[in-house]
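Chain and residue survey
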Amino acid sequence: MILLAGIGSESPIVLLAEALDDLGCEHRLLHQRRSADCEMELTIDAGGVGGWLRLEDEMLDLAEVTAVYPRLMDDRLLPELRDEPPDSPARRHTRGLHDVFYRWMEVTPARVINRSDPQGSNGAKPYQAQLIAAYGLRVPETLITNDPADVLAFRRDHGEIIYKSMSGVRSIVKRFDEDDLARLDDIRWCPVQFQALIPGDDMRVHVVGRDVHATRIVSDATDYRYARQSGGSAELCAAEIDDDLAERCIALTAGLGLELAGVDLRISPDGVATCFEVNPSPSYSYYQAHTGQPIAASLARLLASGAP
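Residues numbered from 1 in each chain as written. Predicted model: local features only at pLDDT ≥ 70, side-chain atom pairs only at ≥ 80, totals over all residues. Heavy atoms only, no water.

1. Remarks on the overall build of the protein chain
The following threshold applies: Numbering of helices and strands starts at the N terminus; helices are DSSP runs of H or I of at least 4 residues and strands are runs of E of at least 2. The globule rule used for comparison is 2.2 Å times the number of residues to the exponent 0.38, while the radius of gyration itself is calculated over C-alpha atoms. Throughout this description, buried means an accessible area under 20% of the type-specific maximum (1.4 Å probe, protein chains only), exposed means over 50%, and partly exposed covers the range between. Residue contacts are defined here by distance: any two heavy atoms, one from each residue, within 4.5 Å place the two residues in contact. Computed with a 1.4 Å probe, the accessible areas rest on the Shrake-Rupley method; for each residue, only the protein chains presented here act as cover. For the charge count, each Lys or Arg is scored as positive and each Asp or Glu as negative, with His and the chain ends excluded. For this purpose, a charge sits on NZ of Lys, CZ of Arg, CG of Asp or CD of Glu.
Counting secondary structure elements, the protein chain contains 8 helices and 16 strands. Its C-alpha atoms give the protein chain a radius of gyration of 21 Å, within 12% of the compact-globule value 19 Å for 308 residues. Counting only C-alpha atoms and orienting by the principal axes, one finds that the protein chain spans roughly 65 × 50 × 40 Å. In the protein chain, which comprises 308 residues, the share counted as buried stands at 44%. Considering only contacts within the protein chain whose residues lie at least 6 apart along the sequence, 65% involve residues at least 24 apart. For the protein chain, the exposed surface amounts to about 15,400 Å²; the carbon and sulfur share of it is 49%. Of the charged side chains in the protein chain, 31 are positive and 49 negative, and the gap between their average positions amounts to 3 Å.

See the structure below:
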């Protein structure tokens, strides 16, 4: 039995469910938006980890679950709770359900792709960059500061620079321009991460166990994810990377304690790869839709293989 958890209409969940159906694998969904109709009990004793999960009208023995794919949104932001006061019974029930579910995922012997704890490095990009470098991948020259003079010196040393979030909260990567220069003094109130601009094409490498799916992105935008909003373009196509780079991406993913990851690279005109970050819960469906790469099928096979 394979358990999916998240929003049932979200494309990574939909594509994975279809791939599991193609394999003939039995699976169930813990649908976050139906949390009010779900309950869970976790037991840990000398016999091991057990308990049950009620999914609306079905009772699921947790001991029968062999693999889990969690893609959970912040339960506090569920639309069904929008009008609920902070300490309402509905919010307490939903928070309690998610709390038990997260605790179970950390201790169950089932394969979990991915557990919560290993995903933590993505919440501090400077820390994750040190881990990336330890696996032999180049990382961009970086400055984190609240001193405008440091930024100007960094710009003189590296020419064009960009700035972006240091945390796991998504932000738009932007080039540092004259408008930013005019408001640079604002960083005195909040340290900002600046990096040297790396020329070349973006490459998203999805690692699923030992399967590697590389996608080249050619874009005229600094952040291809927002190319359309800025009036630019982004073209995605399936790509090949050399065996050495593929093995480094696999080793990095495993070294972070992950079995699924989206490794963000930029390949310079002379072929050198620079790694920006590792996404531990990638929205792989965007890349599969544009390239036809069977990422969901790789994930389904890995889940179907049972406990690691």
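So that's the structure; there's more coming.
2. Focus: the pairing of strand β16 (residues 273–279)
Here is the rule we go by: In this description, strands pair whenever DSSP reports at least two bridges between them.
Among the 7 residues in β16, 6 count as buried, and that is most of the element. Joining the antiparallel neighbours strand β15 (residues 260–267) and β16 is a turn of 5 residues, in which Gly-271 adopts a positive phi near 90°.

3. Let's talk about the packing of aromatic side chains
Where two aromatic rings form a pair, the distance of their centres and the angle of their planes describe that pair. Definition in use: Paired rings are identified among Phe, Tyr and Trp, the last through its six-membered ring, by centres lying within 6.5 Å, and are further divided according to the angle between planes into stacked (under 30 degrees), edge-to-face (over 60) and tilted (the rest).
Counted under the stated rule, the structure contains 4 aromatic pairs. Relative to Phe-194, the ring of Phe-176 lies with its centre 6.1 Å away and its plane at 75°, an arrangement referred to as edge-to-face. Of this pair, Phe-176 sits in the loop between β10 (174–175) and α5 (178–182) while Phe-194 sits in strand β11 (residues 192–196); the two residues are 18 residues apart in sequence, bridging distant segments of the chain. Of the two residues, Phe-176 and Phe-194, both sit in the buried class. By the ring-pair criterion, three or more aromatic residues cluster together here, those being Tyr-163, Phe-176 and Phe-194.

4. Quick word on the sheet that holds β11
Formally: In this analysis, axes come from line fits to C-alpha atoms, helices being fitted only over the stretch in contact, and the angle between any two N-to-C directions falls in the range 0 to 180 degrees.
Spatial strand order, β8-β11-β9-β10: 4 strands in an open sheet with antiparallel pairing. In this open sheet, the two edge strands, each paired with only one partner strand, are β8 (142–145) and β10. As judged from the 4 bridges shared by β8 and β11, these two strands associate in the antiparallel manner. In the sheet register, Ile-144 faces β11, and the bridge partner there is Gln-193. In this fold helix α4 (residues 148–158) packs onto β8, β9 (161–164) and β11, with an angle of close to 170° to the strand it touches most, β8.

5. Structural notes on the pattern of salt bridges
For clarity, the cut-off: By definition, a salt bridge exists where a carboxyl oxygen of Asp or Glu is found within 4 Å of a side-chain nitrogen of Lys or Arg.
Evaluation of the coordinates by the stated rule reveals 23 salt bridges. When the shortest N-O distance is used, the salt bridge between Lys-125 and Glu-277 registers 3.5 Å. Remark: Glu-277 occurs in strand β16 and Lys-125 occurs in helix α3 (residues 125–134); sequence separation between them is 152 residues. Of the two residues, Lys-125 and Glu-277, neither departs from the other in class, the shared state being buried. Between Glu-160 and Arg-175 there is a salt bridge whose closest N-O contact spans 2.6 Å. Here Glu-160 is found in the loop between α4 and β9, whereas its partner Arg-175 is found in strand β10, with 15 residues between them in sequence. Residue Arg-175 is classed as partly exposed on the basis of its relative accessible area, which comes to 37%. One continuous salt-bridge network, built from bridges that share partners, spans Glu-26, Arg-28 and Glu-58.

The values reported here are purely geometric and, on their own, carry no functional implication.
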